[in-house]
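Structural characterization, general
Here are the chains, one letter per residue:
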Amino acid sequence: MQEMTKLTDRELVQAYANNDNNAFDTLLQRHQGKVFAYILRIVKNKDVADDIFQDTFVKAIMTIKQGRYTESGKFSAWLLRIAHNLIIDYFRQEKSEGVTSTDEEGVDLLNRRDLCEGTIEDWLVAEQLDVDLRQLVMALPDPQREVLIMRFYRNMSFKEIAEATGVSINTALGRMRYAIMNIRRIAKEKDIALAV
């Protein structure tokens, strides 16, 4: 199992397709938190979320085992799309049972920005931006990365940063300035769209 954690999602899917059940266990452990949180955020009912979560992974298992899974992006995005479709099915069923009605509205209840925290696309874009930003931060020289993390992730003042790093406030400010300039430069080189 230790070796499995080092494999990419793509490699794990291939291993599972070749009857290595440990590969799917690793995929489940890797993605269950994100998928369950997404489902629960929308349905707001733990029991319903549990059911949809299980259905999501059953559907994923069947698709992979039947050889119908095709690599067309991130595995996690594919799982979230399955979950999203099952959530839609759940709400449609509730609607047909008279629990939820949007007939008069003429809109898609599940994709209205004013009624939800965001669409799956918004969530995936935000997640990708977070991954991109972390990569950019990790590419910075150590002193710049340290100041940036203290300022933005730990909410420290420049005075506190100066004291913690043993430099003057002007040096801390300078390192922050260079960190931001370097992030912009690296993002431009790698064609990453960030508002930094």
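Residues numbered from 1 in each chain as written. Predicted model: local features only at pLDDT ≥ 70, side-chain atom pairs only at ≥ 80, totals over all residues. Heavy atoms only, no water.

Here the focus is the side chain of Ser76. Note that Ser76 resides in helix α4 (residues 75-96). By relative accessible area, which is 6% here, Ser76 ends up buried. In contact with Ser76, other than residues within four places in its own chain, are His31, Lys34 and Glu127. (Helix = DSSP H or I, 4+ residues; strand = E, 2+ residues; numbered from the N terminus. Buried < 20%, exposed > 50% of the residue type's maximum accessible area, 1.4 Å probe, protein only. Contact = heavy atoms within 4.5 Å.)

Bringing the nonpolar core into the picture now. Residues Val35, Ile39, Val43, Ile64, Phe75 and Trp78 are the most contacted members of the largest nonpolar core, which totals 31 residues. In terms of residues, this core owes the most to one element, α4, which gives nine residues. With residues near it in sequence (within four places) discarded, Val43 still touches Val48, Ala49, Ile52, Ile87, Tyr90 and Phe91. By size, the runner-up hydrophobic cluster in this structure holds 16 residues, among which are Leu136, Leu148, Met150 and Ala179. (Core = buried A, V, L, I, M, F, W, Y, C linked by side-chain atoms within 4.5 Å.)

Next up on the list: the packing of helix α6 (residues 142-153) against helix α8 (residues 169-189). Any two packed helices are characterised by how steeply their axes cross, that is the angle between the axes, and by the distance between the axes. Their axes nearest at 8 Å, the elements α6 and α8 cross at an angle of 100°. Classified by the interaxial angle, the pair formed by α6 and α8 is roughly perpendicular. Where α6 abuts α8, its residues Pro143, Gln144, Val147, Leu148, Arg151 and Phe152 lie against Ala172, Arg175, Met176, Tyr178, Ala179, Asn182 and Ile183. Taken together, the residues of the contact of α6 with α8 break down into nine nonpolar, two polar and two charged. (Axes fitted to C-alpha atoms, helices over the stretch in contact; angles between N-to-C directions. Parallel < 35°, antiparallel > 145°, perpendicular 65-115°, else oblique. Nonpolar A, V, L, I, M, F, W, Y, C, P; charged D, E, K, R; others polar.)

This part covers α8. For α8, spanning 21 residues, the distance from its first C-alpha to its last is 30 Å, which sits close to the expected 30 Å at 1.5 Å a residue. Of all the positions in α8, only Ala172, Met176, Ala179, Asn182, Ile183, Ile186 and Ala187 are classed as buried. Seen along its axis, α8 keeps its buried residues to an arc of 130°; they face one direction. Seen from the open side of α8, the exposed residues pointing more than 90 degrees away from its buried face are Asn170, Lys188 and Glu189. Buried-residue contacts for α8 involve α5 (120-138), α6 and α7 (158-165). (Expected span 1.5 Å × (residues − 1). Arc of directions from axis to C-beta.)

Moving on: the packing of aromatic side chains. Counted under the stated rule, the structure contains eight aromatic pairs. Relative to Phe53, the ring of Phe36 lies with its centre 5.9 Å away and its plane at 85°, an arrangement referred to as edge-to-face. A residue pair is termed long-range when its members are at least 10 positions apart, and Phe36 in helix α2 (residues 21-43) and Phe53 in helix α3 (residues 46-65) qualify at 17 residues. Measuring from centroid to centroid gives 4.5 Å for Tyr69 and Trp78, while their planes differ by 65°, and the two rings are edge-to-face. By relative accessible area, which is 15% here, Tyr69 ends up buried. Following the ring pairs from residue to residue traces out a cluster consisting of Tyr16, Phe24, Phe36, Phe53 and Phe57. Cation over ring: Lys65 sits above Tyr16, and NZ or CZ is 4.4 Å from the ring centre. It is Arg177 that lies over the ring of Tyr178; its NZ or CZ is 5.5 Å from the centre. (Phe/Tyr/Trp six-rings, centres within 6.5 Å; stacked < 30°, edge-to-face > 60°. Lys NZ or Arg CZ within 6 Å of the ring centre and 35° of its normal.)

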